[in-house]
Structures are given as structure tokens and as C-alpha cells.
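The chain contents come next:
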Amino acid sequence: MPSLKRPALALLAVILLIGGIPGSAQAYANAFFPTQNSGNRGADVLAIQYLLQHNGQSVTADGVFGATTVTAAKAFQTAKGLGSDGIVGPQTWGALVPTIRLGDNNAAVKALQVELNAKRRLGLAVDGVFSTSVRDAVVAFQSHAGIGADGIVGPITWRNLTWHYDYPDFTANLCDQDPDGNGTAANWAAAAAVAQLEAATRSFASTNQGKVGYGDAGFEHGGDIPGHASHDNGMDIDIWPIRTDNAQCTAGRITWESATYDRAATRQLVQAVRAAAPGHVKFIWFNDPTLINEGLTANWPAHDNHLHIRYCEKVHPNSTYVC
């Protein structure tokens, strides 16, 4: 079943709002398995696919939650007596994850390696071998998370690791921008949000209209971020509108009213963002009235010079991020 019971959902929402101070052990008090379903992308989807393989399901591990992953998830849920809806929520995650340790060699270890690479910015081989280097990476993560650092990956480690935020790949036609002085520390976001944006900006690269400016997303473990009323939960990412000179990364940020604003190119970017995350874009706030009239963006105060993408999931402890 993908959903949580209402009391637990409310409690998690409160914890999520008041917890998550970057760099503290308390950041993990709000850890939860991230619900993933059709339209999602990223490290968590790839981990789910390897875990489905480990549990005997036939599915390609490509990091895209498509029709075959839905089918495999439904088959697994049926085998486990869960609601067969193809949505991988907390209960399905809990049934998928095994306890693994040094010496194991299977697809579940591949899922672990994928998660460690994404969430800890490592370069482990995704070969399914639980080697001493993998164990060392697990111990380092467990210490980072403030949980028992024994090198054994059980439900608590899986939950903390899948919840942990991801860092963008700036080779995906992105450039790092820092208008609010938060630096690279503010580049983290949920794995699906990061991968869905990367897919969009890679697609936009084919238009030859320059890189996409990446503003603030969130801190590594969430929490309040200076200069923003939101961006606390890993589901909000700011990007820049496109300029007529394609110099988004070198010539500075513009507004939709600027002479160098390229509406046609910005429209293409918005369309790419939506196409890369079907069913998982809740809003794109940007105050260009033409794009608003076309149903591509929505008006929000102080969003003349950047596009604020809010991603969403079928289940999230904070109702703001529920699709």
C-alpha cells in the first residue's frame, strides 16, 4: 500500500517541518521511504528496479519508472499480499528491502551502491558485490546519519539512505548559480526532483540555446534556507529563464520583462520540465503572463526573474508536495 495512516502522516508532516537542520543528527529524525510511481526518475527508482530484480521480478534497471516497472511492482505487491497499485510507497519499500552485509553478491547490493553513489557523491562500481569498500561507505553513511554504524544494511539504514537528498550532475546542461549567497550547500534535492530536472535540461540541450541556470534547491538534509519561504523539503528547485543571447550562465539573471528575455526558448524549457516528470510537477511559478495564459506557469509574488519548480509525489508527509 502506498499510503500512510492519517495519524502517522500528520506526525511525519510535523516532524518534517520542524526538523532537518543541515549537518545535525536530528536531520534524520524525519527520514521516510520516498514514494515513487509512474513518471518518476532517478536513483530511488533505479534502486527500486534492482530491488524488484532481487525479489524475482523481470524489469530493466534504467532509472525511469515506466510501464514495465509498474507491472513488476504490481506483481511484487500481489506476491506479498499488498495493495496491487504499482505505487512503491512505505509498505512496498519495507517489503522490498532485505538486510545485506559484507560478502553478499546480489541485485540488492546494486541498489545499495546506486543509493550510496547518489546520496554520498561516491563512485562505487554497481556490480552487486558487498566488498570492504562498500562496507566502509555504509559505515561512513551510518555515522553521517547518526544511526548505528555497524556496516550492516537493514531497514533503518535503507530508510535513511533512500530519504537522503541527491546532488545534481552539472554536466546535464546545467550551471550553478548562487543569487542568495547559499553556495553549493543549497544544491541538494530529492533524488526524483534532481533526476527529473536533469532529464529536462538534457532534452533542452538539443535546442542549442545554452545551459540552464540552477539556483537554490535545498540543503543536504532539508531545513530552513535563507532567502526562501520554502525549499525545505527537497522538492523545490529554482532555474533561470532563457536569454536571447543564450548567456544564462555568464551574463546574469533577467526578468520576463527584460529586452534579452527569450520567451520562446523559456517556453521550450518549461515544456521539457513538464515532459520529463509526467504527473510529478505540481507548479512552475514564473510571472510571464503569456506562459501563464498558456497554462505552463503560474503567478506568484517575486517570481519575475526565476522559475520555481515544485515537484510532487502520490504520497508525501507534507501535503504541500502531494500530487
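What counts as what
- Residues numbered from 1 in each chain as written.
- Predicted model: local features only at pLDDT ≥ 70, side-chain atom pairs only at ≥ 80, totals over all residues.
- Heavy atoms only, no water.
- Helix = DSSP H or I, 4+ residues; strand = E, 2+ residues; numbered from the N terminus.
- Rg over C-alpha atoms; globule rule 2.2 N^0.38 Å.
- Buried < 20%, exposed > 50% of the residue type's maximum accessible area, 1.4 Å probe, protein only.
- Areas by Shrake-Rupley, 256 points an atom, 1.4 Å probe, with all protein chains shown as cover.
- Axes fitted to C-alpha atoms, helices over the stretch in contact; angles between N-to-C directions.
- Parallel < 35°, antiparallel > 145°, perpendicular 65-115°, else oblique.
- Left-handed = near helix turned anticlockwise from the far one by under 90°.
- Contact = heavy atoms within 4.5 Å.
- UniProt positions renumbered as here; feature names shortened; annotations may be inferred.
- 1 Å grid on protein atoms, 1.4 Å probe; cavity = no way out; pocket = protein on both sides within 12 Å on 5 of 7 lines; lining within 4 Å.
- Points joined across faces, edges and corners; volume = space filled by probe spheres on them.
- Nonpolar A, V, L, I, M, F, W, Y, C, P; charged D, E, K, R; others polar.
- Disulfide = S-S within 2.5 Å.
- Pairing = 2+ DSSP bridges.
- Core = buried A, V, L, I, M, F, W, Y, C linked by side-chain atoms within 4.5 Å.
- Salt bridge = Lys/Arg side-chain N within 4 Å of Asp/Glu carboxyl O.

1. Regarding the overall build of the chain
At step 1: Looking only at helices and strands, the chain features 10 helices and five strands.
At step 2: Rg of the C-alpha trace for the chain: 20 Å, near the compact-globule value of 20 Å for 323 residues, within the 12% margin.
At step 3: Referenced to the eigenvectors of the C-alpha coordinate spread, the extents of the chain come out at roughly 60 × 40 × 35 Å.
At step 4: Across the 323 residues of the chain, 54% fall into the buried class.
At step 5: Here the chain has roughly 12,600 Å² of accessible surface; of this, 53% comes from carbon and sulfur atoms.

2. Details of the packing of helix H5 (residues 107-120) against helix H7 (residues 155-163)
At step 1: Following both chains from N to C, one finds H5 and H7 inclined at 45°, their axes separated by 9 Å at the closest point. Relative to H7, the element H5 is oriented oblique. Note on packing geometry: the crossing formed by H5 with H7 is left-handed. Taking contact as the criterion, the partners of Ala108, Ala111, Leu112, Glu115, Leu116 and Lys119 in H5 are, on H7, Trp158, Leu161 and Thr162.

3. Comments concerning the UniProt feature "domain: Peptidoglycan binding-like" (unreviewed entry) in the chain
At step 1: According to UniProt, the feature "domain: Peptidoglycan binding-like" (unreviewed entry) maps to residues 41-96 and 106-159 in the numbering used here.
At step 2: The span residues 106-159 is 61% helix and 0% strand, and its two end C-alpha atoms sit 19 Å from each other.

4. Considering the layout of surface pockets
At step 1: Size it by volume and the largest pocket reaches roughly 270 Å³.
At step 2: Within the lining of the largest pocket, the residues separate by chemical class into six nonpolar, nine polar and five charged.
At step 3: Its boundaries defined by the atoms lining it, the second largest pocket holds a volume of some 180 Å³.
At step 4: Ala43, Ala118, Asp166, Tyr167, Pro168, Asp169, Val194, Ala195, Glu198 and Arg202 together form the lining of the second largest pocket.
At step 5: The leading source of residues in the lining of the second largest pocket is helix H8 (residues 191-205), at four residues.

5. Digging into the state of the cysteines
At step 1: Scanning the model with the defined rule gives two disulfides in all.
At step 2: The disulfide partner of cysteine 175 is cysteine 249, and the S-S distance across this bridge is 1.9 Å. Between cysteine 175 and cysteine 249 the sulfur-sulfur dihedral comes to about -85°; the bridge is accordingly left-handed. Of this pair, cysteine 175 sits in strand E1 (residues 174-176) while cysteine 249 sits in the loop between strand E3 (236-239) and helix H9 (263-276), and the two are 74 residues apart along the sequence.
At step 3: The connectivity of the disulfide-linked cysteines in the chain, indexed sequentially, is 1-2, 3-4.

6. Here we look at H7
At step 1: Residues of H7 that are buried include every one of Thr157, Trp158, Asn160, Leu161, Thr162 and Trp163, and no others.
At step 2: Tucked into the core, H7 has its buried residues touching helix H2 (43-54), helix H4 (90-96), H5 and helix H6 (132-145).

7. Some words on empty space enclosed by the protein
At step 1: Evaluated as defined, the whole model comprises one cavity of 30 Å³ or more.
At step 2: Estimates place the volume of the largest cavity at around 150 Å³.
At step 3: Lining the largest cavity are 17 residues, and of these Phe32, Pro34, Ala190, Met235 and His316 sit closest to its centre.
At step 4: Elements supplying a minimum of two residues to the lining of the largest cavity: H7 and H8.

8. Remarks on the pairing of strand E5 (residues 307-311)
At step 1: Across the five residues of E5, five count as buried, placing the element largely inside the fold.
At step 2: Burial of the side chains of E5 extends over both faces: Leu307, Ile309 and Tyr311 are buried on one face and His308 and Arg310 on the other.
At step 3: In this sheet, E5 lies alongside E3 in antiparallel orientation, the contact comprising four bridges. Within the sheet, the bridge partner assigned to aspartate 236 lies in E5 and is arginine 310.

9. Considerations on the nonpolar core
At step 1: If you look at the biggest cluster of nonpolar residues, it comprises 39 residues, and the most contacted ones within it are Leu51, Ile100, Leu112, Leu116, Phe130 and Trp158.
At step 2: Looking at this core, the elements that each hand over two or more residues are H2, helix H3 (67-79), H4, H5, H6 and H7.
At step 3: When near neighbours in sequence (up to four residues on either side) are disregarded, tryptophan 158 contacts Phe33, Leu51, Val97, Pro98, Ile100, Ala108, Ala111, Leu112 and Val153.
At step 4: Counting 34 residues, the second largest nonpolar core, distinct from the first, contains Ala199, Ile242, Leu269 and Ala277.

10. Brief notes about the pattern of salt bridges
At step 1: A full pass over the atoms with the stated rule returns eight salt bridges.
At step 2: Residue arginine 263 is joined to aspartate 288 by a salt bridge in which the shortest nitrogen-to-oxygen separation is 2.8 Å. With a gap of 25 residues between them, arginine 263 in helix H9 and aspartate 288 in the loop between strand E4 (281-285) and helix H10 (289-293) connect regions that are remote in the sequence.
At step 3: Taking relative accessible area as the criterion, arginine 263 reaches 29% and is therefore assigned partly exposed.
At step 4: Looking at aspartate 288, the relative accessible area reads 0%, which means it is buried.

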